[in-house]
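Now for the letters of each chain:
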Amino acid sequence: MVLRRTLLAAAGSERLRALVAGTGPARRLVGRFVAGEDIGDALEAARRLAADDLSTSIDHLGEATAHPAQAESATRAYLALLDRIGDAGLARRAEVSVKPTAVGLGLGPEGEALAAANIGRVCEAAAAHGTTVTVDMEDAAAVPATLRIVAGLRAEHPDLGCVLQSYLRRTADDLAAMAGAGARIRLCKGAYAPDPATAYTAHRDVDSAYVRHLRFLMASDAYPMVATHDPRLIAIAGMLAERAGRGPDAFEYQMLYGVRPDEQRRLAATGARVRVYVPYGQEWYGYLARRLAERPANVSFAARAVVTR
Ligand code: FAD
């Protein structure tokens, strides 16, 4: 728990970012979780995964934008990515995931409207190419505005996906409000530093909440996107889907690029829908710190990489 807190705090440290960014071992570690630095790398990964019957949600890395010009540049990166997805004939397989703080949320009182407008532009482009968008969920401070943005945009883009985090105590209510017909909802445990006042902090409490939310989601009219690598939760999701009479096209599993790739392929081979979250870009630092915080084994992998450089 202490290690996790330290790593999540490090996710926001500019000094540490500068220290690790240039080292070879850091680059090797990044390569395990990040498809590469440019669009071509992301598309190549999407193509490779599609050959194994795996769909993708591509994330242009970046978060906590500090200036409107950066928000504009992140939005344009998504528009360019969607053009390339369309040109590559990957629109049936690849969608995009967007972080609201990358496209303006957090930029003062106008930030919410700016992020909503920018995500709206990404939705228009996705629709024009025949694919979809999912809005990532960030730290607890961003949740209310993110939910308002998604609710507002869904009037025009009903296929806009949204993430809910089971570690937040509020999620049962958010799920009940959101799980209307066809609503694409990605359920995850939650990757940011949890505040005990508003979130479950013990693993077993988060897991129990996940099962409760999954039960509700599978029985609802929404489209469940089960984002976890946890073998127990994956098995429970399968059972609940069957109990709810959902066929393989009526929900999907989602996992992160580089995490349990054999399990991704195994599930796809059973006929299940599986989507892999594929991050790319230069702003990999915060994303990598969250992956290390999730799993001690990833930290020792990182330490070994540094020691053996
Ligand atoms: P964990 O508690 O990390 O792991 C449970 C078990 O899974 C482990 O005990 C082990 O058996 C197995 N396992 C996990 N990792 C490995 C591994 N590397 N190798 C072998 N076994 C492993 N979080 C957000 O806050 N917002 C988001 O928008 C968001 N989007 C996400 C999108 C996707 C597609 C996914 C998969 C996750 C996303 N997350 C997001 C991250 C999520 O919240 C969790 O932090 C992350 O998925 C780790 O939790 P877990 O459910 O995999 O279980």
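Here goes a summary of the coordinates provided. Throughout this description, residue numbers start from 1 for each chain and increase along the sequence as written. Per-residue local features of the predicted model are confined to residues with pLDDT of at least 70, and side-chain atom pairs are confined, for both listing and counting, to 80 or more; whole-chain, interface and lining totals are unaffected and use all residues. The basis for every side-chain value is the complete set of non-hydrogen atoms in the structure, without hydrogens or water.

Our focus in this paragraph is the site of the ligand. Definition of nearness: a residue and a molecule or strand are near each other if at least one heavy atom of the residue lies within 4 Å of the molecule or strand. Looking at the ligand, there are 24 residues lining it, with Met137, Gly190, Thr228, His229 and Glu294 nearest. Pairing of N or O atoms within 3.5 Å defines a polar contact, subject to two protein rules: one partner must be a possible hydrogen donor and the other a possible acceptor, and residues neighboring in sequence count only if both atoms are side-chain atoms. One nitrogen or oxygen atom from the side chain of Thr228 is found 2.6 Å from an oxygen atom belonging to the ligand. Protein chains bury 83% of the 950 Å² of accessible surface belonging to the ligand in isolation. Labels follow the DSSP assignment, with helices taken as runs of H or I lasting at least four residues and strands as runs of E lasting at least two, numbered in each case from the N terminus. The set of elements that each furnish at least two residues to the shell around the ligand consists of strand 4 (161–165), strand 5 (184–188), strand 7 (252–256) and helix 12 (285–294). When residues are sorted by character, Ala, Val, Leu, Ile, Met, Phe, Trp, Tyr, Cys and Pro go into the nonpolar class, Asp, Glu, Lys and Arg into the charged class, and all the rest, Gly among them, into the polar class. A per-class count over the shell around the ligand returns eleven nonpolar, five polar and eight charged. Each accessible area value is a Shrake-Rupley result obtained with a 1.4 Å probe; residue values ignore everything except the protein chains displayed when judging cover.

So, on to helix 6 (residues 111–129). One fewer than the residue count of a helix, multiplied by 1.5 Å, yields its expected span. For helix 6, built from 19 residues, the straight-helix expectation of 27 Å at 1.5 Å per residue is met to within 8% by its first-to-last C-alpha distance of 27 Å. Of all the residues in helix 6, the buried ones are Gly111, Ala115, Asn118, Ile119, Gly120, Val122, Cys123, Ala125 and Ala126. Gly130 sits one or two positions beyond helix 6 and adopts a positive phi of about 80°. We call a residue buried when its accessible area falls under 20% of the maximum for its residue type, exposed when it is over 50%, and partly exposed in between, using a 1.4 Å probe and counting protein chains only.

All right, on to helix 8 (residues 171–178) then. Listed in full, the buried residues belonging to helix 8 are Thr171, Asp174, Leu175 and Met178. What you see down the axis of helix 8 is that its buried residues fit within an arc of 100°, all on one side. Facing away from the buried side of helix 8 by more than 90 degrees, the exposed set consists of Asp173 and Ala177. Here, two residues are considered to be in contact whenever any of their heavy atoms come within 4.5 Å of each other. For helix 8, the elements touching its buried residues are helix 7 (143–154), strand 4, strand 5 and helix 9 (203–219). In this description, the arc belongs to the directions extending from the helix axis to the C-beta atoms.

Pairs may arise between side chains of opposite charge once their charged atoms sit close together. Note on definitions: salt bridges are taken to be side-chain nitrogens of Lys or Arg within 4 Å of carboxyl oxygens of Asp or Glu. Under the counting rule described, the total for this entry stands at 18 salt bridges. With its nearest N and O atoms 3.8 Å apart, the salt bridge here joins Arg273 to Asp249. Of this pair, Arg273 sits in the loop between helix 11 (261–269) and strand 8 (274–280) while Asp249 is found in the loop between helix 10 (231–243) and strand 7, placing the two residues 24 residues apart along the sequence. Linking Glu294 and Arg291 is a salt bridge whose minimum nitrogen-to-oxygen distance equals 2.6 Å. Residue Glu294 and its partner Arg291 are both found in helix 12; the two are separated by three residues, about one turn of the helix. Assessed through its relative accessible area of 6%, Arg291 is described here as buried. Connected via shared salt-bridge partners are Asp52, Asp262 and Arg265.

Structurally, Arg186 is set in strand 5. One polar contact links Arg186 to Asp136, side chain to side chain, over a distance of 2.9 Å.

Moving on: the nonpolar core. Here, nonpolar core means buried Ala, Val, Leu, Ile, Met, Phe, Trp, Tyr and Cys residues that are tied together by side-chain atoms lying within 4.5 Å of each other. Counting 81 residues, the largest nonpolar core has Ile58, Ile85, Val96, Ile185, Leu214 and Tyr253 as its most contacted members. Here the element with the most residues in this core is helix 9; it accounts for seven residues. Judged by nonpolar contacts, the second largest core, of 13 residues, contains Leu29, Leu61, Leu256 and Tyr277.

On to the environment of Val34, then. Structurally, Val34 is set in the loop between helix 3 (24–33) and helix 4 (39–51). For Val34, the residues in contact, after removing those within four places along its chain, are Leu61, Tyr257, Pro279, Tyr280, Gly281, Trp284 and Tyr287.

Helix axes are fitted only over the stretch in contact, all axes being lines through C-alpha atoms; the angle between N-to-C directions runs from 0 to 180 degrees. Where helix 8 contacts helix 9, the two axes come as close as 10 Å, and the packing angle between them is 5°. The orientation of helix 8 with respect to helix 9, classified from their angle, is roughly parallel. Contacts between helix 8 and helix 9 involve Thr171, Ala172, Leu175 and Ala176 from the former and His213, Phe216 and Leu217 from the latter. The residue inventory of the contact of helix 8 with helix 9, partitioned by class, reads five nonpolar, two polar and no charged. Oblique is the label for any angle not under 35 degrees, not over 145, and not in the 65 to 115 range, which are roughly parallel, roughly antiparallel and roughly perpendicular in turn.

Once that is clear, we can look at the pairing of strand 1 (residues 55–60). With respect to burial, strand 1 is a largely interior element, six of its six residues being buried. As defined by bridge partners, strand 1 adjoins strand 8 across six bridges and the pair is classed as parallel. Paired with His60 across the bridge in strand 8 is Tyr280. Two strands are counted as paired when DSSP detects at least two bridges linking them.

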